[in-house]
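Geometric and topological summary
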Amino acid sequence: MSIEQTPQAFETLNPIDEARRQIEICNACRYCEGYCAVFPAITKQKTFGDGDISQLANLCHNCRGCYYACQYTEPHEFALNLPGVLAQVRQDSWQDHAWPRGAGQAFHRSGVAIACAVIVGFMALLLAVQAIGSAGGDGFYATLSHNAMVAIFVPAFLFPVLSIGISLRRYWAHIGGQKVTLGALTQAFGDAARLKNLSGGHGEGCNFEDEDRFTHLRRIGHQLTMWGFLLCFAATSTATVMHYVFDLPAPYDLLSLPKLLGITGGVLLTLGTAKLAWLKPKGDRSLGDTRVWGGEMAFILLLFVVAVTGLVLYAATGTAAVPLLLALHLGTVLAFFLLMPFSKMVHGFYRLAALVRDAQQK
Amino acid sequence: MTNKTPDIVIVGGGNAALCAAITAAEAGARVLILEGAPKEYRGGNSRHTRNFRCMHDGPLSVLTGSYGEDEYYNDLLLVTKGNTDENLARIAIRGSQESQPWMEAHGVRFQPSLSGTLSLSRTNAFFLGGGKALVNAYYRTAAALGVEVLYDAHVNHLELEGDRITRVDFTQHGTAHSLTPRAVVVASGGFQGNIERLVAAWGPEAENFLIRGTPYNRGDVLFDLLDQGVQSIGDPTQCHAVAIDGRAPKFDGGIVTRLDCVPFSVVVNTHGQRFYNEGEDVWPKRYAIWGRLVAAQDDQVAYSIIDSKSRDLFMPSVFPPVTADTIPELAVKLGLEPDAVAATIAEFNAACQNGDFKPTELDGVATEGLDPPKTNWARPIVDPPFYGYSLRPGVTFTYLGFKVDAQAQVQGATGPVQNLWAAGETMAGSILGQGYLAGFGMTIGTVFGRIAGKEAAAYVH
């Protein structure tokens, strides 16, 4: 054996094998142990199966702290780029476990595909407005009847739920997940709610927009987006309950629960997605999955459009612009829901699963 | 290139250089760092470090309990066998306690000791993210203070006229430059990155040494000044070396190339013969002597052989071990004579005695009638699969450096050089005459870097 015999030519490795190569180097180093949950999880093992690698990849929040602290990044011959390779593995895991398998790969990768989906959604809603129209309802129902909205959006909601449910089951089996306990769930949701893994370990945030400088910008952008989205979702859920349980159909007052939740959520979602879209070009692309940069960016913009059109639609209540705006808003919402299993949105479900699995292994 | 002549030029871009630069800039001096490495490799050997040995009278930041000056000094005496300058050593030790909060105030973040290093939780404060994270934080702090940095800037000459440095010559991207700062701090490490100099000091064996740290510590400024009559300290023929994975890169392999398997193994040379007691002491204590032991073998290589019983008793290695189901097969894969290795293992196995094996302490499970003996953890190598690792000397640093006084001022032939200070590895030989104490290099660099920065700033004002 000679000292020249160092492992090289790893460019040819597939993402899982390349991640394994890098993780084994990390496991011999361990300097990054304090940054996030990935490294303590690595130190529990000596060998890493494909499922272990997928789990670590989905546990990684791409904070990039480990990259900038690493003594083995290029030009070093070990050529570590753990955030980059884990992003690729993560992306592959979403596509490999997707149901229907192979569906919607284009939406992950291509912003144009997402834009086309939005246009199709918009056209569909516009056609619905013209063909079905109102059955004499109030508010937005004056443009499109309540029953027509339900007929369109119940399947558009149930399909992603089913698809993601099947995907997660497959993924859970792949990573060797066990029976989920309340304790593990509590810890996982707690970590997600605070986005603990973007805290940098020292509570100063992550490295993204300015190399090794720690800031909370991405964490804030993400939290505004996530909480904004959840509030909007809560607004719709509340309205559904009010409609069917309490027989209180829309339109609602400004001081009603659906409006308070929806407007607050819409504002947070607008601000959050705007911040994320502004940050994204500043980050080093090679520390993420370069194959899906365009798809990710388009997804952020789609969420932004969903939020903005929702707010504008509310502001335009009673004007002649409502039919067009309603079609636009509902069209983007439709595209968003249908793309959920095949877009960046799915990361939230996998990440939660990874956090639950991590809590199980602690 | 910079527009204005700086007050102070700092040669080097690692921990000591940055501590000096930040301290001087805070005192109002215009500071320029000349870092020999490109930006990606900035920080010298500091980028491979991970902790800071710190005196503390009570719990301090992540440090537990207390670690007093005398205990610290005693630990230093044990590893250096008294080969230290007590005055400078105590300055470094006392300065560490006050430096820890200074480091935090200047961007360094600490964490409890890393897994696998519990023995250091009381004495050593670990950097969150390791030494490169520390270096990054200091570069950010320095930039905010207006410190300028030139990368790829190779300083090749400091002109010493009388008792003053009058000129700094360096090249950057093939172009030669000269500067005339009022003061200079040298913090550019030892000379282990220059294999020719290592061969000249150690002998031809040094060709086969691996360099664990930066290739940019080439000793150009060190030898340039020593040639001009500046006083040196430390044995020029000596370097600190440990036994690392023989497959490690020639340079910059860093922490991951360590191998902790020796105490549980039989170590043979290229002739398949044992040459030293593998079980002499617990591994952190014995780690350092194996570099020297392997350096003394033919081709400066040795092979550590374990069986499946010991596979999980030590930190994972960066390269997978060579694996075989029989000892002769393993020997062939390692490029060794199978009969010789098989005979050595058989002889060792026959000399093993029954005992209560305890991997984490001196268990006294020893061989009988074997020369050299193995005095702890001697268990027969019989359970396949068998694993083999090659070992080579990995140089961490050299001992030759500048003689400095308590103000970190460099000593010329006839007295102190008025405007020249030194900090870090380049003067550590005064304090660490031999051996090594985990985390002490960063202590010397931080404390004397800060002293050098303060003194240089006071001089230029």
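Residues numbered from 1 in each chain as written. Chains lettered and ligands numbered in written order. Predicted model: local features only at pLDDT ≥ 70, side-chain atom pairs only at ≥ 80, totals over all residues. Heavy atoms only, no water.

1. Some thoughts on the nonpolar core
In plain terms, the rule: Among buried residues, the Ala, Val, Leu, Ile, Met, Phe, Trp, Tyr and Cys ones that are joined through side-chain atoms within 4.5 Å form a nonpolar core. For every residue, the accessible area (1.4 Å probe, protein chains only) is compared with the maximum for its type, and the residue is labelled buried under 20%, exposed over 50%, or partly exposed between those bounds. Each helix is a run of H or I in the DSSP string that is no shorter than four residues. Each strand is a run of E no shorter than two, and both are numbered from the N terminus. In what follows, residue pairs with any heavy atoms lying within 4.5 Å of each other are defined as contacts.
Residues Ile8(B), Leu158(B), Phe402(B), Ile431(B), Phe440(B) and Phe448(B) are the most contacted members of the largest nonpolar core, which totals 101 residues. It is helix α11 (residues 440–460) of chain B that provides the largest number of residues to this core, a total of 10 residues. Excluding residues within four positions of it along the chain, Ile431(B) makes contact with Leu76(B), Thr80(B), Asn83(B), Thr84(B), Asp85(B), Leu88(B), Ala89(B), Ala92(B), Phe440(B), Ile444(B) and Phe448(B). Counting 92 residues, the second-largest nonpolar core is a separate cluster that includes Cys60(A), Phe299(A), Met340(A) and Tyr350(A).

2. Some remarks on the packing of aromatic side chains
In plain terms, the rule: Classification of ring pairs rests on two measures: the distance between centres of Phe, Tyr or Trp rings, Trp counted by its six-membered ring, which must be within 6.5 Å, and the angle between planes, read as stacked under 30 degrees, edge-to-face over 60 and tilted in between. Throughout this description, the term charge over a ring refers to an Arg CZ or Lys NZ atom that lies within 6 Å of the ring centre and within 35 degrees of the ring normal.
This structure, assessed with the given rule, holds 30 aromatic pairs over all chains. An angle of 90 degrees between the planes, with centres 5.8 Å apart, marks the rings of Tyr276(B) and Trp290(B) as edge-to-face. Here Trp290(B) lies in helix α8 (residues 289–295) and Tyr276(B) lies in the loop between β14 (266–268) and α7 (283–286), a separation of 14 residues in the sequence. Taken together, the aromatic side chains of Phe157(A), Phe229(A), Phe233(A), Phe299(A), Phe336(A) and Phe337(A) make up a single cluster linked through ring pairs. A cation over an aromatic ring shows up here: Arg285(A) above the ring of Trp293(A), its NZ or CZ 3.6 Å from the ring centre.

3. A closer look at the interface of chain B and chain A
Worth spelling out the cut-off: Using a 1.4 Å probe, buried area is obtained as the accessible area two parts lose upon being combined, added over both of them. When a carboxyl oxygen of Asp or Glu lies within 4 Å of a side-chain nitrogen of Lys or Arg, that pair is called a salt bridge. N or O atoms closer than or at 3.5 Å make up a polar contact, with two conditions inside protein: a donor-capable atom paired with an acceptor-capable one, and, for residues adjacent in sequence, both atoms drawn from side chains. Each residue gets one label: Ala, Val, Leu, Ile, Met, Phe, Trp, Tyr, Cys and Pro are nonpolar, Asp, Glu, Lys and Arg are charged, and the others, such as Gly, are polar.
Contacts between the two partners involve 45 residues from chain B, matched on the other side by 37 residues from chain A. Between chain B and chain A, the buried area comes to about 3,300 Å², and carbon and sulfur atoms account for 54% of it. Taken as a group, Leu128(B), Arg140(B) and Pro316(B) account for 17% of the area that chain B buries against chain A, more than any other trio of residues on that side. On inspection of chain B and its partner chain A, the count reaches 6 salt bridges. Taking the shortest distance from any N to any O, the salt bridge between Asp212(A) and Arg42(B) comes out at 3.8 Å. For the interface between chain B and chain A, the tally reads 21 residue pairs in polar contact (both at pLDDT 80 or more). Elements supplying a minimum of two residues to the side of chain B that touches chain A: α4 (131–144) and β17 (386–398) of chain B. In terms of residues, the side of chain B that touches chain A owes the most to one element, α4(B), which gives 5 residues. Considered class by class, the residues forming the side of chain B that touches chain A number 17 nonpolar, 13 polar and 15 charged.

4. Brief notes about a nonpolar patch on the surface
Residues and elements named next belong to chain A. Here is the rule: Each patch is built from residues lacking any salt bridge and having more than 30% relative accessible area; the joining distance is 9 Å for like charges and 5 Å for nonpolar side chains (Val, Leu, Ile, Met, Phe, Trp, Tyr). Each accessible area value is a Shrake-Rupley result obtained with a 1.4 Å probe; residue values ignore everything except the protein chains displayed when judging cover.
Taken together, the side chains of Val154, Phe157, Leu158, Val161 and Phe233 present a nonpolar region at the surface, about 410 Å² in accessible area. When residues of the nonpolar patch are assigned to their parent elements, the largest contribution, 4 residues, is made by helix α8 (residues 146–174). Assignment of secondary structure puts Phe233 in helix α10 (residues 217–244).

5. With respect to the sheet that holds strand β7 (residues 153–161) of chain B
Residues and elements named next belong to chain B. The test is simple: One requirement defines pairing of two strands: DSSP has to find at least two bridges between them. Think of each axis as a best-fit line through the C-alpha atoms, taken over the contacting stretch in the case of a helix, with angles from 0 to 180 degrees between the N-to-C directions.
Spatially, β7-β8-β9 is the arrangement adopted by the 3 strands of the open sheet, whose pairing is antiparallel. Each having just a single partner strand, β7 and β9 (175–179) make up the two edges of the open sheet. Taken pair by pair, the neighbouring strands of this sheet meet at an average axis angle of 20 degrees, ignoring direction. Here strand β8 (residues 164–172) pairs with β9 via 5 bridges, running antiparallel. Pairing of Gln172 across the sheet is with Thr175, part of β9. Most of the contacts of helix α6 (residues 220–227) go to β7, to which it runs at about 15 degrees, and overall it touches β7 and β8.

6. Structural notes on the packing of helix α11 (residues 257–279) of chain A against helix α12 (residues 293–315) of chain A
All names here are of chain A. Applicable threshold: By definition, turning the near helix anticlockwise from the far helix through less than a right angle yields a left-handed crossing, and turning it clockwise yields a right-handed one.
Interaxial distance between α11 and α12 falls to 8 Å at its minimum, and their mutual angle equals 145 degrees. The hand of the α11/α12 crossing is left-handed. Here Lys259, Ile263, Gly266, Val267, Leu269, Thr270, Thr273, Ala274, Leu276 and Ala277 of α11 lie close against α12, whose contacting residues are Met297, Ile300, Leu301, Leu303, Phe304, Ala307, Val308, Leu311 and Tyr314.

7. Here we look at unusual backbone geometry
Residues and elements named next belong to chain B. The peptide bond linking Asp371 to Pro372 adopts the cis configuration, its omega dihedral lying at -10 degrees. By secondary structure assignment, the location of Pro372 is in the loop between α10 (338–351) and β17. Following Pro384, the chain continues to Pro385 via a peptide bond in cis, the omega torsion being 0 degrees. One non-glycine residue, Asp252, adopts positive backbone phi at about 70 degrees. Locating Asp252 in the fold gives a position in the loop between β13 (239–245) and β14.

8. Quick notes on the side chain of Asp191(A)
Residues and elements named next belong to chain A. Summarising the element assignment, Asp191 is placed in helix α9 (residues 182–194). You can call Asp191 buried: its relative accessible area is 6%. If we ignore the near neighbours within four places in the chain, the residues touching Asp191 are Lys196 and Leu355.

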